[in-house]
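Analysis of the macromolecular model
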Amino acid sequence: MGGRLIEGVWYAHGYEPDDKGRFVRQQSAFRDWTVDAHGARFRPEVGRYHLYVSYACPWAHRTLIMRQLKGLQGAIPVSVVHPLMLDDGWEFRDYPGSTASTAEGVHGVRYLRDVYLAAERMYTGRVTVPLLWDTLEKTIVNNESREILRMFNHHWQAVAGDTTDYAPAGVIKSVDDAIDAIYEPVNNGVYKCGFAGSQEAYEEAADALYAALDHWDGVLGERRFLCGHQLTEADICLFTTLVRFDPVYSVHFKCSQRRIVDYPNLPNYLRDLYQRPAFRETTNMDHIRQHYYRSHTFINPTGIVARMPIFDLDAPHGRERLGRA
Ligand SMILES: N[C@@H](CCC(=O)N[C@@H](CS)C(=O)NCC(=O)O)C(=O)O
């Protein structure tokens, strides 16, 4: 179930709800940016940075999608943690599954916490993915998915294999507003349902989650993507929660009022995104299901992995009628 570092010492530790039983996510600690500007401390350079991810994690998944959309796979290597996050937190070890987790690529260490400690010997906080490591200064640049997403999109154009902008000037405000609007009730909201420590906290989170899903389902009846006719960062942010929703959140996190497949517009929106290579090839259902059902032993003590629901992500989505891709 993970743990946290306190002044450089590891303590196995679950999540602590607030006094009303609500799940509270910590703020990310490393917030520097790779910037494509002369004299910048962290300049984008091929091979200089290393991305640490879990295929299971919706936040890390965002960065993998953008890395692939921009054709940055050759520029930014990746290490993938084992899907189970147990008492030692995220770990690098063999996983004989459909897609193996990788050995740690930079330091040769066993645990992700060792990478945090390499950056800051007295680090206090949870040890989370994604994180972007700088092999030159030997430190963590950033561990906040939304910012890593924006960096890959805007600051790596000089080396990107595809320079399509997923938050162009004309819509960047509505992209940021949409990302803000879906963060608490949806992306974080499923966790607030699942990790609620009281009925009241659960009801509050479920109300907010379903109000938001109802709202965005309505919006997506009128337009192909969250911010209009073009795919943006906001769609990436919503996708990584939607694709986990029916297989995991609806069962494991008690997001049970409605599945995605029960909505009028969200299922085909999800298919429209999933059928693009950068989304499909970074979606690892095996890591996702193994991670959630088997790491959160306090909500699923048997570790039994629920069956995949019937939901064909490859079925025709018909959303071309709403506008260009
Ligand atoms: N705000 C962060 C959240 C990252 C995060 O919480 N990642 C989870 C995995 S889904 C994690 O690594 N949790 C480990 C822990 O809390 O011990 C982001 O968006 O990057």
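As shown above, the structure is provided for reference.
Throughout what follows, the structure given in this document is the object of discussion. Everything numeric here is computed off the predicted structure, so don't read it as measured data.

What follows deals with the site of the ligand. The immediate surroundings of the ligand are formed by 13 residues, with Gly-2, Cys-57, Trp-59, Thr-128 and Ser-145 found nearest. For the shell around the ligand, a count of residues per class yields 5 nonpolar, 5 polar and 3 charged.

We now examine the sheet that holds strand E3 (residues 49-53). Taking strand neighbours across the sheet as the criterion, the 4 strands line up as E4-E3-E6-E7 in an open arrangement whose pairing is mixed. Pairing within the sheet leaves two strands with one partner each, and these edge strands are strand E4 (78-80) and strand E7 (139-142). The average angle at which neighbouring strand axes cross in this sheet is 30°, direction not considered. Pairing geometry for strand E6 (residues 131-134) and E7, over 3 bridges, is antiparallel. Across the sheet, the residue bridging to Asp-134 is Thr-139, located in E7. On the sheet, helix H2 (residues 112-119) packs against E3, E6 and E7 and is oriented at approximately 100° with respect to E7.

Relative to the helices and strands, Leu-313 is located in the segment after helix H10 (285-295). Judged by C-beta crowding, with 17 C-beta atoms within 10 Å, Leu-313 ranks as partly exposed. Ignoring any residue separated from it by four or fewer positions in sequence, one finds Leu-313 in contact with Leu-270, Arg-271 and Tyr-274.

About the cut-offs
Residues numbered from 1 in each chain as written. Predicted model: local features only at pLDDT ≥ 70, side-chain atom pairs only at ≥ 80, totals over all residues. Near = placed C-beta within 6 Å. Nonpolar A, V, L, I, M, F, W, Y, C, P; charged D, E, K, R; others polar. Pairing = 2+ DSSP bridges. Helix = DSSP H or I, 4+ residues; strand = E, 2+ residues; numbered from the N terminus. Axes fitted to C-alpha atoms, helices over the stretch in contact; angles between N-to-C directions. Contact = placed C-beta atoms within 7 Å. Buried ≥ 20, exposed ≤ 12 C-beta atoms within 10 Å, placed from the backbone.

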